[in-house]
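Each chain, written out:
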Amino acid sequence: MASARRVTELKVNGASRALDADPEATLLGVLRDQLDLTGSKYGCGEGKCGACTVLIDGQAAHSCRIKVGTLAGRSITTIEGLAGPSGGLHTLQQAFLDLEAFQCAYCTPGMIMAAAGLLREKPEPAESEIVEAMQGNVCRCGTYTRIVAAIRRAAGMTKEAAR
């Protein structure tokens, strides 16, 4: 029985990264264990809590459910790659800090990545659209009101910066 080809390269945060992974390994496991990108968190392992959210070709995705063998040629962005080229905070990161939209912060990277995916698709979402888009992310500390406010603030900051 022939074994599946090993995954030897992924495009992560704008750079090609060499690795040696079983194609059935989860993206989350490879990011954390092989590429030392630990911002994405293991939560439920079932794609239901959102702690592991990353962007794949700009779309929010739960990395705990995605096999690395399916990602050839795709662009992956983690929380570590969200900041701009100058290294400053992304508007979402700044808004989460400004509004203290976290308590324990375990879910925060996933929340921010899900929000980044939302704002990429819809730069000025209504509150109801934010709530709906964030349904796949769980905050056990219950800071949902501040999370929604932070996403709205980030959308406003981005709009203001574009003027």
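Right above here is the structure, for reference.
Residues numbered from 1 in each chain as written. Predicted model: local features only at pLDDT ≥ 70, side-chain atom pairs only at ≥ 80, totals over all residues. Heavy atoms only, no water.

(A) Structural context of the overall build of the protein chain. Summing up its helical and strand segments, the protein chain has 5 helices and 5 strands in all. For a compact globule of 163 residues, the expected C-alpha radius of gyration is about 15 Å, and the protein chain comes in at 16 Å, within 12% of that figure. For the protein chain, the spread of C-alpha atoms along the principal axes amounts to about 55 × 35 × 25 Å. Approximately 8,800 Å² of the protein chain is accessible, and the part contributed by carbon and sulfur atoms is 48%. (Helix = DSSP H or I, 4+ residues; strand = E, 2+ residues; numbered from the N terminus. Rg over C-alpha atoms; globule rule 2.2 N^0.38 Å. Areas by Shrake-Rupley, 256 points an atom, 1.4 Å probe, with all protein chains shown as cover.)

(B) View of helix 2 (residues 91–98). Listing the buried residues of helix 2 in full gives Leu92, Gln93, Ala95 and Phe96. Relative to the axis of helix 2, the buried residues are bounded by an arc of 165° and lie together on one face. Contacts from the buried residues of helix 2 go to helix 3 (108–121) and helix 5 (144–162). Glutamate 100 sits one or two positions beyond helix 2 and adopts a positive phi of about 50°. (Buried < 20%, exposed > 50% of the residue type's maximum accessible area, 1.4 Å probe, protein only. Arc of directions from axis to C-beta. Contact = heavy atoms within 4.5 Å.)

(C) Here's a closer look at the layout of surface pockets. When its volume is computed, the largest pocket comes out at roughly 160 Å³. For the largest pocket, the full set of lining residues is Val7, Glu9, Leu10, Lys11, Ser16, Val68, Gly69, Leu71, Ala72, Gly73 and Arg74. Of the residues forming the lining of the largest pocket, the biggest block, 4 residues, is contributed by strand 1 (residues 7–12). Class assignment for the residues of the lining of the largest pocket results in 5 nonpolar, 3 polar and 3 charged. (1 Å grid on protein atoms, 1.4 Å probe; cavity = no way out; pocket = protein on both sides within 12 Å on 5 of 7 lines; lining within 4 Å. Points joined across faces, edges and corners; volume = space filled by probe spheres on them. Nonpolar A, V, L, I, M, F, W, Y, C, P; charged D, E, K, R; others polar.)

(D) Layout of the sheet that holds strand 1. Spatial strand order, 2-1-5-3-4: 5 strands in an open sheet with mixed pairing. Each having just a single partner strand, strand 2 (15–21) and strand 4 (59–62) make up the two edges of the open sheet. The average angle at which neighbouring strand axes cross in this sheet is 40°, direction not considered. Relative to strand 4, strand 3 (residues 53–56) is paired through 4 bridges, and the arrangement is antiparallel. From the neighbouring strand, valine 54 faces strand 4, where its bridge partner is alanine 61. Of the strands in this sheet, strand 3, strand 4 and strand 5 (75–77) touch helix 3, which is tilted by about 35° from strand 3. (Pairing = 2+ DSSP bridges. Axes fitted to C-alpha atoms, helices over the stretch in contact; angles between N-to-C directions.)

(E) Spotlight on the environment of alanine 161. Structurally, the position occupied by alanine 161 is in helix 5. Owing to a relative accessible area of 65%, alanine 161 belongs among the exposed residues under this scheme. Along the primary structure alanine 161 and leucine 82 are separated by 79 residues, whereas in three dimensions their C-alpha atoms are 17 Å apart.

(F) The pattern of salt bridges, seen in detail. Going through the model one piece at a time under the given rule, you end up with 8 salt bridges. The partner of lysine 122 in a salt bridge is glutamate 129, and the shortest N-O contact between them spans 3.4 Å. Under the relative-accessibility criterion, lysine 122 is labelled partly exposed at 35%. Across the salt bridge formed by arginine 152 and glutamate 127, the nearest N and O atoms sit 3.1 Å from each other. Linking arginine 152 in helix 5 with glutamate 127 in helix 4 (residues 127–133), this pair joins segments that are 25 residues apart in sequence. (Salt bridge = Lys/Arg side-chain N within 4 Å of Asp/Glu carboxyl O.)

(G) Main features of the nonpolar core. With 25 residues, the main nonpolar core has Leu92, Phe96, Met111, Met134, Ile147 and Ile151 as its most contacted residues. When residues of this core are traced back to their parent elements, those giving at least two are helix 2, helix 3 and helix 5. Take this core: its biggest share by element is 8 residues, from helix 3. For methionine 134, the contacting residues outside a window of four places in its chain are Met111, Ala114, Ala115, Ile147 and Ile151. In this structure, Leu10, Leu27, Leu35 and Val68 belong to the second largest nonpolar core, which totals 17 residues. (Core = buried A, V, L, I, M, F, W, Y, C linked by side-chain atoms within 4.5 Å.)

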